[in-house]
Amino acid sequence: MNAADTVFLFVATVLVMIMTPGLALFYGGMVRSKNVLSTTMHSYTAIFIVSVQWILIGYSLSFGPSTNGLIGNLDWFALKDVGFTPNTDYSSTLPHNLFMMFQLMFAILTPALISGAIAERMRFSAFIIFTLLWTTFVYDPVAHWVWGVGGWLRELGALDFAGGNVVHISSGISGLVLALYLGRRKEVKTAAPHHLPFTVLGTGLLWFGWFGFNVGSALTLNDVALNAFVTTNTAAAAAAIGWIICEWFVTKKPTILGAVSGAVSGLVAITPACGFVTPLSALIIGLLGGGICFFAVSCMKKKFGYDDALDAFGCHGIGGTWGGIATGIFATTSVNSAGADGVLYGDWSLLWKQLITIGATYVFAATMTFVIIRVIHLFIKVRVDEEDETVGLDLALHGEKAYHEKAL
């Protein structure tokens, strides 16, 4: 056991935890005032549901002893044998239950990210059931594939330092499937953010927490962790610049919503690569990532007509995909000897492994998401009634309002 490592990961865990309330603000500011509480409720519901699921079965399915490289078994059901003693498969210097809690925060954030795609039109009861089933049948297997000892993508040699596939691609493509299944909002043409300062504050909390997300994934404060610290901040800043440049050129007006969306896109893009690439590479990844996500959000939605309400797919799905590909291009063992060299360092094999990982995540997450929502729909309605959508989900589903007119 190492006290310094333990304190380091404890702080990182708390930082990652703050990302989900930050996401609630980020998403909450972008919806209409009549839906801000219901949107916020999605993020906090993920905290409630996944915290219990993870303790009972989620951690064991994700990180427990592998079954054919596909899923962990239930040897660690209800945290049996997961205590203060380190598990050397994951770290010989950290309490096993601390590592478990760190990974829990990733598992919480991921279904909360999905909620951005279905904001303002999904029934709360359906979202609760979906969160439980999706975490169990999508997140846990993918986490095992990529990070669990014996997972088939880990054995393949794919690199995902802090969750490009596990968190962002899986949530992004799942959000797109849900958005397509539910259909467009009735008033989508008039939908506009009601409180951008909320979104800006949420971005600050996300950026702050992302240091725990990426830096903490090194599990110790070493050269790789500090490199992740530098690359994370660099990519976020560069992506904000990239988005602003594209927006300024296309619409002639740079916006604060565009700037913060760009920063989040950069954080997403650098997540799989942050512990494997140089700061200069991070700058390129972020700059291109901001531009790529801008066009995904501004052009793809219009061209294909889907209603990804808060751009979960445009920022997380597309940003995570670019980040996974960029890892295969820019990764170098000079930064992390436990990684691999990418295309720019003379080895194409890593890029192919990254493409296989991305493709597998897309196919599995999309298929399972459709199956899950279809099964739920067999038993309950998944979309709110048109009248409830017009009134607003805060009042229709939760019986409360975020804002009240002053008494005369």
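Scroll up to find the structure.
First, a word on what this report is: a plain description of the structure on this page.

Calculation rules
- Residues numbered from 1 in each chain as written.
- Predicted model: local features only at pLDDT ≥ 70, side-chain atom pairs only at ≥ 80, totals over all residues.
- Heavy atoms only, no water.
- Phe/Tyr/Trp six-rings, centres within 6.5 Å; stacked < 30°, edge-to-face > 60°.
- Helix = DSSP H or I, 4+ residues; strand = E, 2+ residues; numbered from the N terminus.
- Buried < 20%, exposed > 50% of the residue type's maximum accessible area, 1.4 Å probe, protein only.
- Lys NZ or Arg CZ within 6 Å of the ring centre and 35° of its normal.
- Contact = heavy atoms within 4.5 Å.
- Core = buried A, V, L, I, M, F, W, Y, C linked by side-chain atoms within 4.5 Å.
- Patch = residues over 30% accessible without salt bridge, like charges linked within 9 Å, V, L, I, M, F, W, Y side chains within 5 Å.
- Areas by Shrake-Rupley, 256 points an atom, 1.4 Å probe, with all protein chains shown as cover.
- Salt bridge = Lys/Arg side-chain N within 4 Å of Asp/Glu carboxyl O.
- 1 Å grid on protein atoms, 1.4 Å probe; cavity = no way out; pocket = protein on both sides within 12 Å on 5 of 7 lines; lining within 4 Å.
- Points joined across faces, edges and corners; volume = space filled by probe spheres on them.
- Nonpolar A, V, L, I, M, F, W, Y, C, P; charged D, E, K, R; others polar.

Per the stated rule, a full pass over the model turns up 22 aromatic pairs. Relative to Phe 276, the ring of Phe 161 lies with its centre 5.4 Å away and its plane at 90 degrees, an arrangement referred to as edge-to-face. Note that Phe 161 is positioned in the loop between helix H5 (152–156) and helix H6 (164–182) and Phe 276 in the loop between helix H9 (256–270) and helix H10 (279–304), a separation of 115 residues in sequence. Residue Phe 276 is classed as buried on the basis of its relative accessible area, which comes to 7%. Members of the aromatic cluster, each reached through a chain of ring pairs, are Trp 54, Tyr 59, Phe 63, Trp 76, Tyr 90, Phe 99 and Tyr 139. One cation-aromatic arrangement involves Lys 252 over Phe 249; the distance from NZ or CZ to the ring centre is 5.4 Å. Over the face of the ring belonging to Phe 304 we find Lys 303, whose NZ or CZ atom lies 5.9 Å from the ring centre.

To continue, consider the environment of Thr 234. Mapped onto the elements of the fold, Thr 234 is located in helix H8 (residues 223–251). Residue class for Thr 234 comes out partly exposed when judged on its relative accessible area of 21%. Spatially, the C-alpha atom of Thr 234 lies 40 Å from that of Val 382, the residues being 148 residues apart in sequence. Leaving out residues up to four positions away in the same chain, Thr 234 has contacts with Pro 279, Ala 282 and Leu 283.

Here Gly 64 lies in the loop between helix H2 (36–63) and strand E1 (66–67). What makes Gly 64 buried here is its relative accessible area of 2%. As for Gly 64 and Gly 150, which are separated by 86 residues in sequence, their C-alpha atoms are 9.6 Å apart. Leaving out residues up to four positions away in the same chain, Gly 64 has contacts with Tyr 59, Gly 72, Asn 73, Trp 76 and His 144.

Glancing now at the environment of Ala 143. Looking at the secondary structure, you find Ala 143 in helix H4 (residues 124–147). Ala 143 sits eleven residues away from Arg 154 along the chain, and the two C-alpha atoms are 9.9 Å apart.

Now for the nonpolar core. Where a protein is soluble and globular, its nonpolar side chains tend to be buried together. The biggest cluster of nonpolar side chains holds 112 residues, and the ones touching the most others in it are Tyr 59, Phe 130, Tyr 139, Phe 213 and Ile 285. Excluding residues that lie within four positions of it along the chain, Tyr 59 makes contacts with Trp 54, Gly 64, Trp 76, Leu 79, Val 82, His 96, Phe 99 and Met 100.

Attention now goes to a nonpolar patch on the surface. A surface patch of nonpolar side chains, amounting to about 670 Å² of accessible area, comprises Ile 241, Ile 245, Leu 280, Leu 283, Ile 284, Leu 287, Leu 288 and Ile 292. Elements represented by at least two residues in the nonpolar patch include exactly H8 and H10. The residue Leu 288 is located in helix H10 in this model.

Taken as a whole, this structure holds one cavity of 30 Å³ or more when the rule is applied. By volume, the largest cavity is sized at about 40 Å³. Lining the largest cavity are Phe 26, Met 30, Ser 261, Leu 310, Asp 311 and Cys 315. Split into classes, the residues belonging to the lining of the largest cavity amount to four nonpolar, one polar and one charged.

Of note in the backbone geometry, Ala 78 takes a positive phi value of approximately 55 degrees without being a glycine. Residues other than glycine seldom take positive phi values, yet Asp 81 does so here, at roughly 65 degrees. Mapped onto the elements of the fold, Asp 81 is located in the loop between strand E2 (71–72) and helix H3 (96–114).

In this section: the pattern of salt bridges. Taken as a whole and assessed by the stated rule, the structure comprises eleven salt bridges. Lys 80 is the partner of Asp 81 in a salt bridge, and the nearest nitrogen-oxygen pair spans 3.1 Å. Among the salt bridges present, the one from Glu 389 reaches Arg 383, with a minimum N-O distance of 2.9 Å. Take Arg 383: its relative accessible area is 16%, and that puts it in the buried class. What you see here is one network of salt bridges that share partners, running through Arg 32, Lys 34, Glu 120, Arg 121, Arg 185, Glu 187 and Asp 307.

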